[in-house]
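Fold and contact review
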Amino acid sequence: MEKHITGVAYVLGANIDTDQIIPAENLVYSLSDAEESKKYGHFALSGVPFDKAGLPDGQIPFIDGENTESEFTIIIAGSNFGCGSSREHAPFALEKAGIKAIIAESYARIFYRNAVDGGFVVPLESESRLVSEIRTGDQVELNFEASTLENKRTGKTYSLNSPGTVLPIIEAGGLFNYARNEGMI
Amino acid sequence: MGMTITEKIMAKSSGKDKVSPGESVWLNVDVLMTHDVCGPPMMKIWQNEFGTNAKIWDKDKFVVFPDHYIFTANVHANRNVQILRDFAEKYNLPNYYDVGTERYKGVCHIALAEEGFNIPGTVLFGTDSHTCTSGAFGVFATGVGNTDAAFILGTGKIWEKIPESIKFTFEGKLPDYLTAKDLILQILGDITTDGGTYRALEFDGNAVMALDMNERMTLCNMAIEAGAMNGIIAADETTEAFLNSIGKESQEKFQSDANANYYQKYKYNTAEIEPLVAKPHSPDNRDTVRNMKGEKLTKCYIGSCTGGKINDFVSAAKILIGKEVKVPTFIVPASTNTAKQLEIETYKGISIKEILEGAGCVIAQSSCAACLGGPDDTFGRAVDRDVVISTTNRNFPGRMGSKQSEVYLASPLTVAASAVSGVITDPRDYLV
Ligand code: SF4
């Protein structure tokens, strides 16, 4: 995985559930067909109420028009990100849309596992509340080794919690890669 | 420092003497369960990752129940069941319970209990968030996604973080107007939908230990509604008696140590709890039935792994006997075994089935049915602006069908009382 991720932030509130990340009616599309699976990118975060899409002001589309990829690469969010169903389509959709990392205050367990074990996106926890510090559209840089996030607009740097024992799985890019590296399978 | 039941089971399963919250361990899985929604993609990942010679780690420990979208004309849904069927045949799975055959069981979490897969002291994973239901048997049971399940299918192992535990102690005799559903709605209102995230919810106290296995399952079932990893109740004589009745016995019955560490402890006196509802659109949006009294309904629903077990229908029958429902009332027995029990169990000498039908309820075949909405032709599905009171577990927008509908979650007693009057009604108005 990349140790430094630089990109544009997209800011969301708390309790972003899996239906907001990928509304249930889209789950019919194939995850393995290269063309069809782009739909997941197109519909990613389409369930977020428009006034809360891209904080602090909202009304910033995550995906422009008919695009299947977003101009944003890092999501900043509040607590309990990914709550709701166990659908693995949720982190998959974010990856398809071009998201590399999420920095939230906390995660729902199954979403967190799916993100890490499927190797879709890197979920990290912020030590402090970043939703009020970072604006949608800010240039940010994630330094994975130092566990920090820098807001290029303000020059401020924030500490992130270490993923702890899950770190090797994130670094390997998912559970199966990790297990292969370790000779487990 | 002592350990909680959850910590003890996870220590044993990972081959350690002691584990502490926050630490990650590799667990040896005793049972892996899947169903028709997540089974097909999970099997695909397993095949892709392990290749053409992929081997199932232990066929006897892999359990597959079609139960979600099964009685429907929907092509995609039927294709999913066919994928399970083909897989079961190809790998000669001993624990596949095909729909349309004698072996068909109904909703996975209840079927796991009835078929003897919930053995105290063991570790059970499933591709369904309500897998926590099995915790009622003193099992460490939790839900995972497709990649994790595919990994377990090939290796029998999975990593997990040791959760902190929260203890909920209910003391006192359970009044006849309350069920386990009211107790869990009380908790959800108190700790909210993320109060249990990455934690274990442990239920204890003489009111909990007096519950039968079905009611204990109702408590553990909704642990996930607080975001919890698992719900758990220490196995005891009630657990043992249930297992013996189906020819099984417990492996190891763990108790939490008196000096075990808890993140939080809550104590309740059952005499102080009222019949409760969760208002639209969240299971933690708690209110008393009294406060919501008179709210007009268009549908009543008694079913699902939460509220479709035999005890739920017996509760409903106590109110419905000799009465007539004012709004369409849908009954979905969680399992085929529950459906049989409806004919055998009686109240005041009349079978539960007769009482329900006599009151004008419609009874469907066992499955998940409208608990999660499902295809348009699903039994009991919420349409348009339906206002539903239901014994199920989730009331997020659109969960039972129409996105415009409103769903109240309540106990079977409250749903039955409301069915009789057509508006939300306190069961105490009918229980004499
Ligand atoms: S009955 Fe409802 S909650 Fe239970 S497994 Fe089926 S869909 Fe899930």
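Residues numbered from 1 in each chain as written. Chains lettered and ligands numbered in written order. Predicted model: local features only at pLDDT ≥ 70, side-chain atom pairs only at ≥ 80, totals over all residues. Heavy atoms only, no water.

So, on to helix α12 (residues 310-320) of chain B. Residue and element names in this part refer to chain B. With 10 of 11 residues buried, α12 is to be regarded as a mostly interior element. Among the residues making up α12, those that are buried are Ile310, Asn311, Asp312, Phe313, Val314, Ser315, Ala316, Ala317, Ile319 and Leu320. Positioned one or two residues after α12, Gly322 has a phi angle of 70°, which is positive. (Buried < 20%, exposed > 50% of the residue type's maximum accessible area, 1.4 Å probe, protein only. Helix = DSSP H or I, 4+ residues; strand = E, 2+ residues; numbered from the N terminus.)

Attention now moves to the sheet that holds strand β4 (residues 122-126) of chain A. Residues and elements named next belong to chain A. One closed barrel holds the 7 strands; their spatial order is β1-β2-β3-β4-β7-β6-β5, and the pairing between them is mixed. On average, adjacent strands in this sheet sit at an angle of 35° to one another, irrespective of strand direction. Bridge analysis of strand β3 (residues 101-104) against β4 gives 4 bridges, and the strand direction is parallel. Paired with Ala104 across the strands is Glu125, a residue of β4. (Pairing = 2+ DSSP bridges. Axes fitted to C-alpha atoms, helices over the stretch in contact; angles between N-to-C directions.)

Quick look at the site of the ligand now. Close contacts around the ligand come from His68, Val107, His109, His130, Ser304, Cys305, Cys368, Cys371, Leu372, Asn393 and Arg399 of chain B, and that covers them all. Three or more residues apiece are contributed to the shell around the ligand by two domains, here domain 1 (5-15 + 22-247 + 262-268) and domain 2 (277-429) of chain B. (Near = heavy atom within 4 Å. Domains from an automatic or database assignment.)

Generally speaking, nonpolar side chains in soluble globular proteins are found buried as a group. If you look at the biggest cluster of nonpolar residues, it comprises 104 residues, and the most contacted ones within it are Phe81, Leu94 and Ile102 of chain A together with Phe62 and Phe125 of chain B. Judged by nonpolar contacts, the second largest core, of 66 residues, contains Tyr97, Phe117, Ile224 and Ala226 of chain B. (Core = buried A, V, L, I, M, F, W, Y, C linked by side-chain atoms within 4.5 Å.)

Before going further, it helps to examine the sheet that holds strand β11 (residues 276-278) of chain B. Sheet architecture is open: 7 strands sit in the order β12-β11-β19-β18-β13-β14-β17 (chain B), paired in mixed fashion. With partners counted over all chains shown, the strands left at the sheet margins are β12 (286-288) and β17 (362-363) of chain B, one partner each.

Moving on, we get to the environment of Lys318 of chain B. As for its position among the elements, Lys318 of chain B is in helix α12. Along the chain, Lys318 of chain B and Val277 of chain B lie 41 residues apart, while their C-alpha atoms are 19 Å from each other.

The next point concerns the pattern of salt bridges. Two side chains of opposite charge can pair, provided their charged atoms sit close to one another. If you walk through the whole model with that rule in mind, you get 36 salt bridges over all chains. Across the pair Lys156 of chain A and Glu133 of chain A runs a salt bridge, and its minimum N-O distance is 3.4 Å. Taken together, the residues Lys156 of chain A in the loop between β6 (148-151) and β7 (157-161) and Glu133 of chain A in the loop between β4 and β5 (139-143) connect sequence positions 23 residues apart. The class for Glu133 of chain A is partly exposed, based on a relative accessible area of 28%. One salt bridge in this structure joins Asp98 of chain B and Arg85 of chain B, with 2.7 Å as the shortest N-O distance. (Salt bridge = Lys/Arg side-chain N within 4 Å of Asp/Glu carboxyl O.)

Counting through the fold element by element, His42 of chain A comes out in helix α2 (residues 38-43). Within the local environment of His42 of chain A, its side chain forms a polar contact with the backbone oxygen of Asn67 of chain A, the two atoms lying 2.8 Å apart. (Polar contact = N/O pair within 3.5 Å; in protein donor to acceptor, adjacent residues only side chain to side chain.)

Two measures describe an aromatic ring pair: the distance that separates the ring centres and the angle between the ring planes. This model, assessed by the stated rule, comprises 26 aromatic pairs over all chains. Seen from their ring centres, Tyr107 of chain A and Tyr112 of chain A are 5.6 Å apart, and the 50° between their planes marks the pair as tilted. Using a relative accessible area of 3% as the deciding quantity, one classes Tyr107 of chain A as buried. Among the residues examined, Tyr112 of chain A registers a relative accessible area of 7% and is labelled buried. Relative to Tyr198 of chain B, the ring of Tyr112 of chain A lies with its centre 6.3 Å away and its plane at 80°, an arrangement referred to as edge-to-face. Of this pair, Tyr112 of chain A sits in helix α4 (residues 109-117) while Tyr198 of chain B sits in the loop between α6 (180-191) and β8 (199-204), each in a different chain. Members of the aromatic cluster, connected to one another through ring pairs, are Phe81, Tyr107, Phe111 and Tyr112 of chain A together with Tyr198 of chain B. When the ring centre of Tyr198 of chain B is taken as origin, the NZ or CZ atom of Lys161 of chain B, which lies over that ring, is 5.1 Å away. Sitting over the face of the ring of Tyr177 of chain B, Arg428 of chain B holds its NZ or CZ atom 4.8 Å from the ring centroid. (Phe/Tyr/Trp six-rings, centres within 6.5 Å; stacked < 30°, edge-to-face > 60°. Lys NZ or Arg CZ within 6 Å of the ring centre and 35° of its normal.)

Turning to the interface of chain A and chain B, a few remarks are in order. Each partner contributes to the interface: chain A provides 27 residues, whereas chain B provides 30 residues. For the pair chain A and chain B, the summed buried area comes to about 2500 Å², and 57% of that belongs to carbon and sulfur atoms. Counting every contact that joins chain A to chain B gives 4 salt bridges. Notably, a salt bridge pairs Asp148 of chain B with Arg113 of chain A, separated by 2.7 Å at the nearest N-O pair. Counting the contacts that link chain A with chain B gives 12 residue pairs in polar contact (both at pLDDT 80 or more). (Contact = heavy atoms within 4.5 Å. Buried area = accessible area lost by both parts, 1.4 Å probe.)

With that settled, the discussion passes to the domain arrangement of chain B. All names here are of chain B. Domain boundaries assigned for chain B yield domain 1 (5-15 + 22-247 + 262-268) and domain 2 (277-429). The centre of domain 1, based on its C-alpha atoms, is set 23 Å off from the matching centre of domain 2. The interface of domain 1 with domain 2 comprises 39 residues on the first partner and 40 residues on the second. Here domain 1 and domain 2 share an interface that buries about 3100 Å² over both sides, 60% of which is from carbon and sulfur atoms. Across the domain 1-domain 2 interface, the total number found is 2 salt bridges. Of the charged contacts in the structure, one is a salt bridge between Asp190 and Arg286, with a shortest N-O distance of 2.8 Å. Where domain 1 packs against domain 2, one counts 23 residue pairs in polar contact (both at pLDDT 80 or more). Breaking the side of domain 1 that touches domain 2 down by element, the ones donating at least two residues are α4 (108-114), α6 and α8 (213-221). If one sorts the elements of the side of domain 1 that touches domain 2 by residue count, α6 sits on top with 7 residues.

Attention now moves to the packing of helix α2 (residues 39-50) of chain B against helix α3 (residues 75-90) of chain B. Residue and element names in this part refer to chain B. Interhelical geometry of α2 versus α3 gives an angle of 45° and a closest axis separation of 9 Å. Here α2 is positioned oblique relative to α3, judged by the angle of their axes. Judged by residue contacts, Gly39, Pro40, Met43, Trp46 and Gln47 of α2 engage Asn80, Ile83, Leu84, Phe87 and Lys90 from α3. (Parallel < 35°, antiparallel > 145°, perpendicular 65-115°, else oblique.)

On to the confidence of the model for chain B, then. Scored by pLDDT, chain B comes out at a mean of 96, with 100% of its residues at no less than 70. Model confidence for the complex: the whole-complex pTM is 0.95, and ipTM, which rates the interface, is 0.91. (pLDDT = per-residue confidence, 0-100.)

The next thing to look at is unusual backbone geometry. With the exception of glycine, the majority of residues adopt a negative phi angle, and the majority of peptide bonds are in the trans configuration. Look at the link from Leu55 of chain A to Pro56 of chain A: it is a cis peptide, with omega at 10°. By the element assignment, Pro56 of chain A lies in the loop between α2 and β2 (74-77). Here the amide bond leading from Pro280 of chain B into His281 of chain B is cis, since omega sits at -5°, within 30 degrees of zero. Here Ser147 of chain A, not a glycine, exhibits a phi torsion of approximately 55°, which is positive. Inspection of the secondary structure assignment puts Ser147 of chain A in the loop between β5 and β6.

The next subject is the pairing of strand β13 (residues 299-303) of chain B. All names here are of chain B. Counting buried positions along β13 yields 5 of 5 residues, so the element is predominantly enclosed. Both faces of β13 are covered, namely the face carrying Lys299, Tyr301 and Gly303 and the face carrying Cys300 and Ile302. Where β13 and strand β18 (residues 387-390) come together, 3 bridges link them in parallel fashion. From the neighbouring strand, Cys300 faces β18, where its bridge partner is Ile389. Sheet topology note: the β13/strand β14 (residues 329-332) ladder contains 4 bridges and is parallel. Across the sheet, Tyr301 pairs through a bridge with Phe330, a residue of β14.

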